[in-house]
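# Descriptive analysis of the structure
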Amino acid sequence: MSSEAISSADYIKHHLTNWTYGQFPEGTENAGQWGFAHTAAEAKSMGFMAIHVDTMLWSIVTGLIFIYFFSKAAKRASAGIPTGFQNFVEMIVEFIDTSVRGSFTAKNDMVAPLAMTVFIWIFLMNFMDLIPVDWIPKASEWIGMTFFGAQEHHVYMKVVPSTDPNATIGMAFSVFFLVLFYSFKNKGISGFTAELTLMPFQSNNKVVQGLFIPVNFVLEFVSLIAKPISLALRLFGNMYAGEMIFILIAIMFNAGLVMATLGGVLQLGWAIFHILIITLQAFIFMTLTIVYLDMAHSDH
Amino acid sequence: MNINLTLFGQSITFIFFVIFVMKYVWPPLVAALEERKAKIADGLAAAEKGKHDGELAKQRVLDTLKEAKEKAQDIINQAEKRASEIVEESKDNARVEGERILAAANAEIEQEVNRAREHLRGQVVTLAVAGAGKVLKREIDEKANDDLLQDLVAQL
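Residues numbered from 1 in each chain as written. Chains lettered and ligands numbered in written order. Predicted model: local features only at pLDDT ≥ 70, side-chain atom pairs only at ≥ 80, totals over all residues.

## Regarding the overall build of chain B
Each helix and strand in chain B was counted, giving two helices and zero strands. Over its C-alpha atoms, taken along the principal directions, chain B stretches across nearly 195 × 20 × 15 Å. Counting the 156 residues in chain B, one finds 11% classified as buried. (Helix = DSSP H or I, 4+ residues; strand = E, 2+ residues; numbered from the N terminus. Buried ≥ 20, exposed ≤ 12 C-beta atoms within 10 Å, placed from the backbone.)

## So, the overall build of chain A
A tally of regular secondary structure across chain A gives nine helices and three strands. If you list the helices and strands of chain A from N to C, you get α-β-β-α-β-α-α-α-α-α-α-α. Considered along the principal axes of its C-alpha atoms, chain A spans approximately 75 × 65 × 40 Å. Taken over 300 residues, chain A has a buried fraction of 35%. A fraction of 69% describes how many contacts in chain A between residues 6 or more apart in sequence connect residues 24 or more apart. (Contact = placed C-beta atoms within 7 Å.)

## Here we look at the packing of helix H4 (residues 84–103) of chain A against helix H5 (residues 111–127) of chain A
Residues and elements named next belong to chain A. For the pair H4 and H5, the least separation of the axes is 10 Å and the interaxial angle reads 125°. Relative to H5, the element H4 is oriented oblique. Crossing geometry of H4 relative to H5 is assigned as right-handed. Contacts between H4 and H5 involve Ile96, Asp97, Ser99 and Val100 from the former and Val111, Ala112, Ala115, Met116 and Phe119 from the latter. Looking at the contact of H4 with H5 residue by residue, the class counts come to seven nonpolar, one polar and one charged. (Axes fitted to C-alpha atoms, helices over the stretch in contact; angles between N-to-C directions. Parallel < 35°, antiparallel > 145°, perpendicular 65-115°, else oblique. Left-handed = near helix turned anticlockwise from the far one by under 90°. Nonpolar A, V, L, I, M, F, W, Y, C, P; charged D, E, K, R; others polar.)

## Comments concerning the nonpolar core
Ranked by size, the top nonpolar core spans 74 residues in total, and within it Ala115(A), Phe119(A), Ile122(A), Leu293(A) and Leu29(B) carry the most contacts. Sort the elements by how many residues they give to this core and H5(A) lands first, with 13 residues. Excluding residues that lie within four positions of it along the chain, Ile122(A) makes contacts with Ser162(A), Leu235(A), Gln281(A), Ala282(A) and Phe285(A). (Core = buried A, V, L, I, M, F, W, Y, C linked by C-beta atoms within 7 Å.)

## Notes on the pairing of strand E1 (residues 20–23) of chain A
All names here are of chain A. The pairing of E1 with strand E3 (residues 50–52) spans three bridges and is antiparallel. Looking at E3, one finds that Thr20 is bridged to His52. Pairing of E1 with strand E2 (residues 34–36) involves three bridges; the strand directions are antiparallel. Bridge pairing links Gly22 to Gly35 in E2. (Pairing = 2+ DSSP bridges.)

## Things to note about the interface of chain A and chain B
Frequently, the measure chosen for interface size is the accessible area that the parts lose on association. With 43 residues of chain A at the contact, the number on the chain B side is 30 residues. Contributions of two or more residues to the side of chain A that touches chain B are made by helix H2 (40–45), E3, helix H3 (53–76), H4, H5 and helix H7 (165–197) of chain A. If one sorts the elements of the side of chain A that touches chain B by residue count, H3(A) sits on top with ten residues. The residue makeup of the side of chain A that touches chain B, split by class, is 26 nonpolar, twelve polar and five charged.

## Some thoughts on the packing of H5(A) against helix H9 (residues 256–297) of chain A
Residues and elements named next belong to chain A. Remark: H5 packs on H9, axes separated minimally by 8 Å, with the N-to-C direction vectors making an angle of 155°. By the angle between their axes, H5 is roughly antiparallel relative to H9. Between H5 and H9 lies a crossing of right-handed hand. Residues Val111, Leu114, Ala115, Val118, Phe119, Ile122, Phe123, Asn126 and Phe127 of H5 touch H9, and the partners they reach there are Ile278, Thr279, Gln281, Ala282, Phe283, Phe285, Met286, Thr289, Ile290 and Leu293.

## Here's the deal with the confidence of the model for chain B
Averaged over all residues, the pLDDT of chain B is 89; the fraction at 70 or higher stands at 93%. Interface confidence in the predicted complex, given as ipTM, is 0.87; pTM for the same model is 0.76. (pLDDT = per-residue confidence, 0-100.)

## Focus: the sheet that holds E3(A)
All names here are of chain A. The strand order across the open sheet built from three strands is E2-E1-E3, with neighbouring strands paired in antiparallel fashion. Edge positions in the sheet fall to E2 and E3, since each has one partner strand and no second. When strand polarity is set aside, the average angle formed by the axes of neighbouring strands in this sheet is 15°. Strand contacts of H3: E1 and E3, with the helix running at about 45° to E3, the strand carrying the most contacts.

## Observations regarding H7(A)
Over its 33 residues, H7(A) runs only 31 Å from end to end, short of the ideal 48 Å by more than 12%, given 1.5 Å per residue. Along H7(A), the sharpest change in direction is near 105° and occurs at Gly188(A). (Expected span 1.5 Å × (residues − 1). Bend = angle between axes of the 7 residues up to and from the residue.)

## Considering the environment of Gln33(A)
Residues and elements named next belong to chain A. Residue placement: Gln33 occurs in the loop between E1 and E2. A count of 10 C-beta atoms within 10 Å places Gln33 in the exposed class. Put simply, Gln33 and Gln23 are ten residues apart on the chain and 5.4 Å apart in space, counted from C-alpha to C-alpha.

## Regarding the confidence of the model for chain A
With 97% of its residues at a pLDDT of at least 70, chain A reaches an overall mean of 87. The secondary-structure element of chain A with the lowest mean pLDDT is H2(A), recorded at 81, while H5(A) shows the highest, at 94.

Here is the structure:
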């Protein structure tokens, strides 16, 4: 593996640190400059003014794979007899179309494409989890050390974008922004405000109703905010836990032949089970996106 | 697990992909699916119609066949009737003609017989007269016995 042995804790920590590009904080030698973080602590010290290059890289790569194959299929789409990949794409389109028709009652041409992007993109990002945990990080370490003169263990590469809360929160907030936008658009400011303050407690007495307003607002505001947060954290939590188990199994490979064999079996088992989880999480994210947008469109 | 600018980066990427899919991927795929759906529906409707038409045609063929058979039977019946009529008619005609010919022949025979009788009578008279004349030539005057002779002739 490496010349200097590293502990299991370091191994895990290394795997959980993103390749970070950001502004070095005050009090360090390169203060104010932008650059790659060399250690986990350095990455942490950069605070908000940093970007996870690996998350962006792999999410864009998976996104481009999705875009490339699906636009190719879209270009060849015809009413004739579909074959091979064409058939597969049409099956997915049909599936998503059915899901959207089932949950989304208003008319909006954006929802179905949004749902498809969410489903396929998240699925592909999650799918990175099934690639053995050391392959890409080791390859990047070799590339970093050979071509860019990086120090050993200072190359970070976290390949599953959906195990980075930034990615899931970023997507969830985009969805949340759409929810807010359509809520205002379809219900008006007064309608949306009424929805937030006049429910669930109602009274015919004006004074009592006035007293209910702050209570209602607290309840409704929490449930509103809970939407994007739960959306983001559900996906992140599931993928993070799955990734963690893969890393723990990978540690077994260094603990003798018996443990390594057991680890191999466990890795296979967990990977097969994980196929279910990555698909399910992508599906849940998609379905909730559709449902939230439907709620933003409905008047009650 | 630091929250940082990646959040915005991810949002922007997400929005970009959604817009791309909305513009270039989703519409042609859905359009193709809708078109195929319409095509299949048309095909099924056409098949149904064809089947229906086929059944109608079959029914029509059967009807026509039945009609033709009936007509043929009628024609045969008529022809048979007509044939028997013609036979009857011919028989009648033949009988009438035969009778007519027979009657004509009988009449002619009668005529011939009469004529021959007249002729024979004349000759017999002449012969008798001649005979009588020869007998009487010597006994009676021809003129004196003319009345007697005439009377005799009339009696023959």
